Structure formats: structure tokens, C-alpha cells
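Chain by chain, the residues:
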Amino acid sequence: MAVDDPPATERAKVRVTLFAAATTVRAFLLPHWQCWHQAWGPPDPVTPSQWTCVRSSMLLARAFDRDGIPATLRSGRPRHARMGNAHACHGLLTVDGRVSHAWVEAENFVIDVTADQFGHAPVVVTPADDPAYRSAKEQAYQLVATPAGLAAVEAIWPLWCAYADRKRLIPPDRTLDHEPRDSSSQPVRDLIPKTATA
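Predicted model, so just to flag it, every value in this text is computed and none were measured.

> Quick one: what's the story with the sheet that holds strand β3 (residues 97–99), residue by residue and with numbers?
Strand pairing in a sheet takes place through backbone hydrogen bonds and is either antiparallel or parallel in direction. Read across the open sheet, the three strands follow the order β3-β2-β7; overall the sheet is antiparallel. Strands with a single pairing partner mark the edges of an open sheet, and in this sheet they are β3 and β7 (133–134). Inspection of the sheet shows strand β2 (residues 91–94) paired to β3 by three bridges, in the antiparallel sense. Note on β3: the bridge partner recorded for L93 is R98.

As C-alpha cells, then:
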């Protein structure tokens, strides 16, 4: 009988925790996406998350940071030029090639709550070295938050805090080795095994 590799088991637990938290963030964002699209006007989006990756990822990173999980906004914008151009590999890989996109990295995972606009799952949690995601180091090939985007995230931040405090980010089958900070919420950081991070 094979015994699970403890580091692999812990990484799987981290992934499940991040997925649950990201799913909660996406559920919160859904009505805000609709409001953002209404403010922008036509054309209508194909998916609710379309054109919201930077704002959504900013909120996701801030939500993780609030719970003690260091998170970084990542992005890439391919330069559509000759095939040999190294900058053409930035962004998210889709069936049509690389596209401009933003996501979050935390705990050595990519966490993406808007990938469905490109035909991927609504919530993606995958290792940070997944070749589908290529962040740009040079600012010229990164997506930058606009003042309007920053203001939009700032406007919904208090709503997120109230929403998160009402939601439990603990999977129902998960037992805790300690007491929650209150009866309605649990910081995500407390669910990530200390041995899982490098």
C-alpha cells in the first residue's frame, strides 16, 4: 500500500484552500462585474468576467493579504510580432495563442478568477510554473491598473470585508487544530500548513 508523500499531501491541501477562497471571491465579484459592465456600456461581455482581470485580481490579492497570505498581482501582454520575439510568450495561453491577462500568485500557485473569459475554468488554481501563465518582468508587457480600476476596487473593498467576515472560508470537511478567531470567519492563513511554503 502506497503512502502519500507528505509534502505533496500538504500542497494538495493548500490548493484546496486557495480554490475555496478564490471561489468565494468570485461569487462576491459577480454582481460587481455586472455593475462595471453597465457603467462601461456596449458591447456586452461574452462572459461576466470579461475585461475585469486586473480589477478582479487586485481584489483577490488584497483579500489574500488581509488573511495573511502574501499575494502578488501578475500579468502579461504578448507583443504580436515575429514568432521568434521573446515578448510574444507573455500572458495566458489559449486555443488562439497568448492573450493579455492578469492573475494572482500566492503560495507558489497561480490563482485566476477570470479565466473563463478565455475558455478556461471559472476558477483556476495551478502551480506557479504552469506554462499556460507567463508573467512579464518588463513593465512594458504588464497590464497596469488604471485610476478608475483602482477606485473601483477601493469602492468595493469595505463590502468585501463585510462579506468575507460573514463567510466561512473553511471547507466543511476540514477540522481545525485551533479555535477560530470568531464564530463567523476564519483567516485563510490559518488553513495553510506552515510546512507547505518554501
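Still more to cover.
> Can you lay out the nonpolar core for me, pointing to particular residues and giving the numbers?
Core analysis: the biggest nonpolar cluster contains 35 residues, and L18, L29, L59, L60, F64, I111 and W160 have the highest contact counts within it. Taken together, the elements giving at least two residues each to this core come down to α1 (6–40), α2 (53–66), β4 (101–106), β5 (109–112) and α3 (147–166). In terms of residues, this core owes the most to one element, α1, which gives nine residues. Beyond its immediate stretch of four places on either side in the chain, F64 contacts L18, A21, I69, A71, V104, A106 and I111. Formed by seven residues, the second largest nonpolar core is a distinct cluster that contains W103, V110, A115 and A132.

> An account of the side chain of D116 is needed here, citing residue identities and associated values.
When you line up the elements, D116 lands in the loop between β5 and β6 (124–127). Residue D116 is classed as buried on the basis of its relative accessible area of 14%. Other than its neighbours up to four places away in sequence, D116 contacts R26, T47, S49, A121 and P122.

> Give me the confidence of the model for the chain: which residues, what numbers.
Looking at the chain, pLDDT values average 83 and 77% of them are 70 or higher. Segment residues 170–198 is flagged for pLDDT under 50; beyond a separation of four residues in sequence, or across chains, it makes 54 contacts in the model.

> Break down the pairing of β2 for me, citing the residues and quoting the values.
Pairing of β2 with β7, which is carried by two bridges, proceeds in the antiparallel orientation. Looking at β7, one finds that G91 is bridged to R134.

> Provide a residue-level description of α2, including the pertinent values.
Taking 1.5 Å per residue, 14 residues should reach 20 Å; α2 reaches 20 Å between its end C-alpha atoms and fits that length. For α2, the buried fraction is high: 11 of the 14 residues fall into the buried class. Along α2, the residues that are buried comprise C53, V54, R55, S56, S57, M58, L59, L60, A61, A63 and F64. Directly beyond the C-terminal end of α2, a positive phi value near 85 degrees is found at G68.

> Describe the packing of α2 against α3, naming the residues involved and giving the relevant values.
Relative to each other, α2 and α3 sit at 45 degrees, their axes nearing to 10 Å. As far as their axial angle goes, α3 and α2 are oblique. Of the two possible hands of crossing, α2 and α3 adopt the one that is right-handed. Along the contact surface, α2 presents R55, M58, L59, R62, A63 and R66, while α3 presents A148, G149, L150, A152, V153, E154, I156, W157, W160, C161, A164 and D165. Here the contact of α2 with α3 is composed, by residue class, of 12 nonpolar, one polar and five charged.

> Give me the lowdown on the environment of Y163, citing residues and values where you can.
Within the fold, Y163 resides in helix α3. Residue Y163 is classed as buried on the basis of its relative accessible area of 16%. It is 9.4 Å that separates the C-alpha atoms of Y163 and V25, two residues lying 138 residues apart in sequence.

Conventions and cut-offs
- Residues numbered from 1 in each chain as written.
- Predicted model: local features only at pLDDT ≥ 70, side-chain atom pairs only at ≥ 80, totals over all residues.
- Heavy atoms only, no water.
- Pairing = 2+ DSSP bridges.
- Helix = DSSP H or I, 4+ residues; strand = E, 2+ residues; numbered from the N terminus.
- Core = buried A, V, L, I, M, F, W, Y, C linked by side-chain atoms within 4.5 Å.
- Buried < 20%, exposed > 50% of the residue type's maximum accessible area, 1.4 Å probe, protein only.
- Contact = heavy atoms within 4.5 Å.
- pLDDT = per-residue confidence, 0-100.
- Expected span 1.5 Å × (residues − 1).
- Axes fitted to C-alpha atoms, helices over the stretch in contact; angles between N-to-C directions.
- Parallel < 35°, antiparallel > 145°, perpendicular 65-115°, else oblique.
- Left-handed = near helix turned anticlockwise from the far one by under 90°.
- Nonpolar A, V, L, I, M, F, W, Y, C, P; charged D, E, K, R; others polar.

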